[in-house]
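Tertiary structure, described
Given next are the chains, with one letter for each unit.
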Amino acid sequence: LVLLGLPLFALFWKVGLTGYPPEWDGATALRFLRAEAMLFSGHLPRSIGTGLLTGMLIAMLGLVGCWLARESTWFRLFYFSVLTWAWVLPAPIVGIDVHRIVLQVKSAWPDGMLAEMLYHGPSPLPLVWVQGIRTLPIAALLLWPVVRLMPRELFDDARLAGAGALGEFAHLVWPLTWRATFGASFVASALCLGEVAASVRAETPGWSSFTTLLFERMHYGVENSLAALSLLMLASVGAVVFLAVIIRNVSRWIFKS
């Protein structure tokens, strides 16, 4: 609480400072919050939506990878080698390499749909791409213990009953791991919202991440507007978490009923 509370209090204090010597004023804080909310009313929800989408996709991809690696030694070695490589690779290198691939695609198909989605924009696909590379190792790290601890007898019984690969995943793996998968998706989404080093090098015009905007504003000093943007982002993330908790409690009540 101390580590998180002090920076949060500093943001509240900064957004309302006015005059010289500076004094805190509630009307000033409200004016900056209202102005930044009106100015970037579409930017922040778009960025949060992209992060949530990426988190859900990456959590599902991590779950499938862990499931396939559970009983295959060669695939497990390959999978975790790729994840380790993705984890230790510097974020700017990820963004530069993805942008280089995008330029190659644009040169091969300059007027195609891929060029529009990857280069010209506005499109979330490059952000999903680079943020997915950055967060997939974390999602797999969270899901691997859950998948590994699933009793082998359950898989044997399912296969004796005639379940194929899709049936095994749908009726056995997913029901036992969906809670952990949703948890991993929210962790990945939070990491996506804070990712800037790779995203800034791959995003398309008209679909930049909100964190990139904060990063650019920091070069001009921590002013009232930057503090207001930070508070708006924290409030939006808190609203998403609050909504997720409500959905979870309602789903529990429905299933119990």
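Shown above is the structure to which this text applies.
What counts, and at which threshold
- Residue positions are given per chain, counting from 1 as you read along its sequence in written order.
- A pLDDT threshold of at least 70 governs which residues receive local features in this predicted model, and a stricter bar of 80 or more applies before side-chain atom pairs are shown or counted, although totals over entire chains, interfaces and linings include all residues.
- Each side-chain value is worked out from all heavy atoms of the structure, with water and hydrogens disregarded.
- We call a set of buried residues a nonpolar core when its members are Ala, Val, Leu, Ile, Met, Phe, Trp, Tyr or Cys and they connect through side-chain atoms within 4.5 Å of each other.
- Burial classes: relative accessible area under 20% of the type maximum marks a residue as buried, over 50% as exposed, and values in between as partly exposed (1.4 Å probe, protein chains only).
- Strands are runs of DSSP state E lasting at least 2 residues, helices are runs of H or I lasting at least 4, and numbering of each runs from the N terminus.
- We call two residues contacting when some pair of their heavy atoms lies within 4.5 Å.
- Cavity means a closed set of points on a 1 Å grid over the protein atoms alone, one where a 1.4 Å probe fits but cannot get out, pocket means an open set with protein on both sides within 12 Å along at least 5 of 7 lines, and lining means a residue has an atom within 4 Å of a point.
- Grid points are joined across faces, edges and corners, and a volume is the space filled by probe spheres set on the points.
- Identification of polar contacts relies on pairs of N or O atoms within 3.5 Å, with a donor-acceptor requirement for protein atoms, meaning one able to donate a hydrogen and the other able to accept it, and with residues adjacent in sequence counted only if both atoms are side-chain atoms.
- Each patch is built from salt-bridge-free residues with over 30% relative accessible area, joining like charges within 9 Å and nonpolar side chains (Val, Leu, Ile, Met, Phe, Trp, Tyr) within 5 Å.
- All accessible-area figures derive from a Shrake-Rupley calculation using a 1.4 Å probe, and residue coverage is judged against the displayed protein chains alone.
- We define a salt bridge as a contact between a side-chain nitrogen of Lys or Arg and a carboxyl oxygen of Asp or Glu at a distance within 4 Å.

**What about the nonpolar core?**
Counting 22 residues, the largest nonpolar core has Leu-63, Cys-66, Tyr-79, Phe-155 and Val-173 as its most contacted members. When contributions to this core are tallied by element, the ones reaching two or more residues are α3 (43-69), α4 (73-88), α7 (125-148), α8 (152-160) and α9 (165-194). Not counting the four nearest positions on each side in its chain, Cys-66 is found in contact with Tyr-79, Ala-140, Leu-143, Trp-144 and Val-147. Counting 11 residues, the second largest nonpolar core, distinct from the first, contains Leu-44, Leu-193, Leu-226 and Met-233.

**Some details on empty space enclosed by the protein**
The final tally for this structure, using the stated rule, is 1 cavity of 30 Å³ or more. Of the voids in this model, the largest cavity is the one considered here, and its volume is about 40 Å³. As for the largest cavity, its lining consists of Ser-47, Thr-50, Leu-127, Gln-131, Cys-192, Leu-193, Ser-209 and Thr-211. Breaking the lining of the largest cavity down by element, the ones donating at least two residues are α3, α7 and α9.

**Observations concerning the side chain of Glu-195**
Among the structural elements, Glu-195 can be located in the loop between α9 and α10 (210-218). Among the residues examined, Glu-195 registers a relative accessible area of 9% and is labelled buried. A polar contact is formed between the side chain of Glu-195 and the backbone nitrogen of Ala-198, at a distance of 3.0 Å.

**Digging into a nonpolar patch on the surface**
Together, Phe-242, Ile-246, Val-250, Trp-253 and Ile-254 make up an exposed nonpolar region whose accessible area comes to about 550 Å². Here Ile-246 lies in helix α11 (residues 224-256).

**As for the side chain of Thr-177**
Examined against the element boundaries, Thr-177 turns out to sit in helix α9. Under the relative-accessibility criterion, Thr-177 is labelled buried at 1%. Reaching out from Thr-177, the side chain makes a polar contact with the backbone oxygen of Val-173 at a distance of 2.6 Å. Not counting chain neighbours up to four residues away, the residues in contact with Thr-177 comprise Leu-63, Val-146, Val-147 and Met-150.

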